[in-house]
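Chain residues, written in single-letter form:
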Amino acid sequence: EDQVTQSPEALRLQEGESSSLNCSYTVSGLRGLFWYRQDPGKGPEFLFTLYSAGEEKEKERLKATLTKKESFLHITAPKPEDSATYLCAVQARREYGNKLVFGAGTILRVKS
Amino acid sequence: DTAVSQTPKYLVTQMGNDKSIKCEQNLGHDTMYWYKQDSKKFLKIMFSYNNKELIINETVPNRFSPKSPDKAHLNLHINSLELGDSAVYFCASSPLDRDSPLHFGNGTRLTVT
């Protein structure tokens, strides 16, 4: 069974304090790994898709990386507006349709 | 312009009732989904429709019945509601391409008392 485990469950940072979120996954044939951001009372918002080990993608203060067993979301010099829950999800190659298996997320709080 | 919209945003009802949640997308996508987010925050897929055809049907009680009148709409009807059905239900859409990211609505918080 495909599984996604995210750590830590919650992370508090001071503004400007860089850190990383972890997403460990088990999937039989990875097609893609997705990162989403979810604000309270809102639906998840797409950030990145990674397909193969060694791949990296960046967007503003966020950089996502992928290995064969895990993905990291690096946050450089975060700002309070980066506070949100960050969700990781995997899609297996065998699955028909766009089925994603999500982790429970990491709640990030950035204080000014 | 709201891309994926769900109604209602909040739904409070009693056990045994029947209720529906509506979803509409104006992105021109072929595929729509229902996901359930439980109290532990896990998002789990329930159903997926492509051009009104059911393509994903996870292990969901048959009290839950999706209906897609056209490719821009996917409604979720729930019969005989139970306490355990309390959760946030998210509608999403995407192009059929399996690599395409999902676009989510803002959810419907269902509370069964």
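Look up a bit, the structure's there.
Residues numbered from 1 in each chain as written. Chains lettered and ligands numbered in written order. Predicted model: local features only at pLDDT ≥ 70, side-chain atom pairs only at ≥ 80, totals over all residues. Heavy atoms only, no water.

## Some words on the nonpolar core
The nonpolar side chains of a soluble globular protein tend to be buried, and buried together. In terms of nonpolar packing, the biggest core is built from 25 residues, with A:Tyr25, A:Leu33, A:Trp35, A:Leu73 and A:Tyr86 touching the most fellow members. Secondary-structure elements contributing two or more residues to this core are strand E2 (10-14), strand E3 (19-26), strand E4 (30-38), strand E5 (45-50), strand E7 (62-66), strand E8 (70-75), strand E9 (84-92) and strand E11 (106-111) of chain A. Counting residues per element, this core draws most heavily on E9(A), at five residues. A:Tyr86 has contacts with A:Gln6, A:Leu21, A:Trp35, A:Tyr36, A:Arg37, A:Leu47, A:Leu62, A:Leu73, A:Gly105, A:Thr106 and A:Leu108, leaving out every residue within four places of it along the chain. Residues B:Leu11, B:Met32, B:Trp34 and B:Tyr89 belong to the second largest nonpolar core, which totals 19 residues. (Core = buried A, V, L, I, M, F, W, Y, C linked by side-chain atoms within 4.5 Å. Buried < 20%, exposed > 50% of the residue type's maximum accessible area, 1.4 Å probe, protein only. Helix = DSSP H or I, 4+ residues; strand = E, 2+ residues; numbered from the N terminus. Contact = heavy atoms within 4.5 Å.)

## Topic: the interface of chain B and chain A
The interface of chain B with chain A comprises 23 residues on the first partner and 26 residues on the second. Summed over both partners, the interface of chain B with chain A comes to about 2000 Å²; 51% of that surface belongs to carbon and sulfur atoms. At the surface where chain B touches chain A, the tally comes to one salt bridge. Salt-bridge contacts for B:Glu58 lead to A:Lys99; the nearest nitrogen and oxygen are separated by 3.2 Å. For the pair chain B and chain A, the interface holds seven residue pairs in polar contact (both at pLDDT 80 or more). Only strand E4 (31-37), strand E5 (43-50), strand E6 (53-57) and strand E9 (87-94) of chain B provide two or more residues apiece to the side of chain B that touches chain A. If you tally residues by element for the side of chain B that touches chain A, the top one is E4(B), at three residues. Along the lines of polarity and charge, the residues of the side of chain B that touches chain A split into eleven nonpolar, five polar and seven charged. (Buried area = accessible area lost by both parts, 1.4 Å probe. Salt bridge = Lys/Arg side-chain N within 4 Å of Asp/Glu carboxyl O. Polar contact = N/O pair within 3.5 Å; in protein donor to acceptor, adjacent residues only side chain to side chain. Nonpolar A, V, L, I, M, F, W, Y, C, P; charged D, E, K, R; others polar.)

## Side note on the pattern of salt bridges
Within this structure, the stated rule accounts for eight salt bridges over all chains. A salt bridge links A:Arg37 to A:Asp39, with the shortest nitrogen-to-oxygen separation between them at 3.0 Å. On the basis of relative accessible area, A:Arg37 is assigned to the buried category, the value being 16%. Here A:Lys63 ties to A:Glu56 by a salt bridge, and the two come within 3.7 Å at their closest N and O atoms. Taken together, the shared-partner salt bridges in this structure form one network comprising B:Arg63, B:Glu82 and B:Asp85.

## Details of the environment of A:Trp35
Mapping A:Trp35 onto the fold places it in strand E4. Between the C-alpha atoms of A:Trp35 and A:Leu47, which are twelve residues apart in sequence, the distance is 5.4 Å.

## Looking at the sheet that holds strand E7 (residues 64-70) of chain B
Residue and element names in this part refer to chain B. Read across the sheet, four strands follow the order E1-E3-E8-E7 without closing on themselves; strand pairing throughout is antiparallel. At either margin of the open sheet sits one strand with a lone partner, and together these are strand E1 (4-7) and E7. Neighbour-to-neighbour, the strand axes of this sheet turn through a mean angle of 20°, independent of strand direction. Two strands pair when backbone bridges link them, and strand E3 (residues 19-25) and strand E8 (residues 73-78) are joined in this way by four bridges, in the antiparallel orientation. From the neighbouring strand, Ile-21 faces E8, where its bridge partner is Leu-76. (Pairing = 2+ DSSP bridges. Axes fitted to C-alpha atoms, helices over the stretch in contact; angles between N-to-C directions.)

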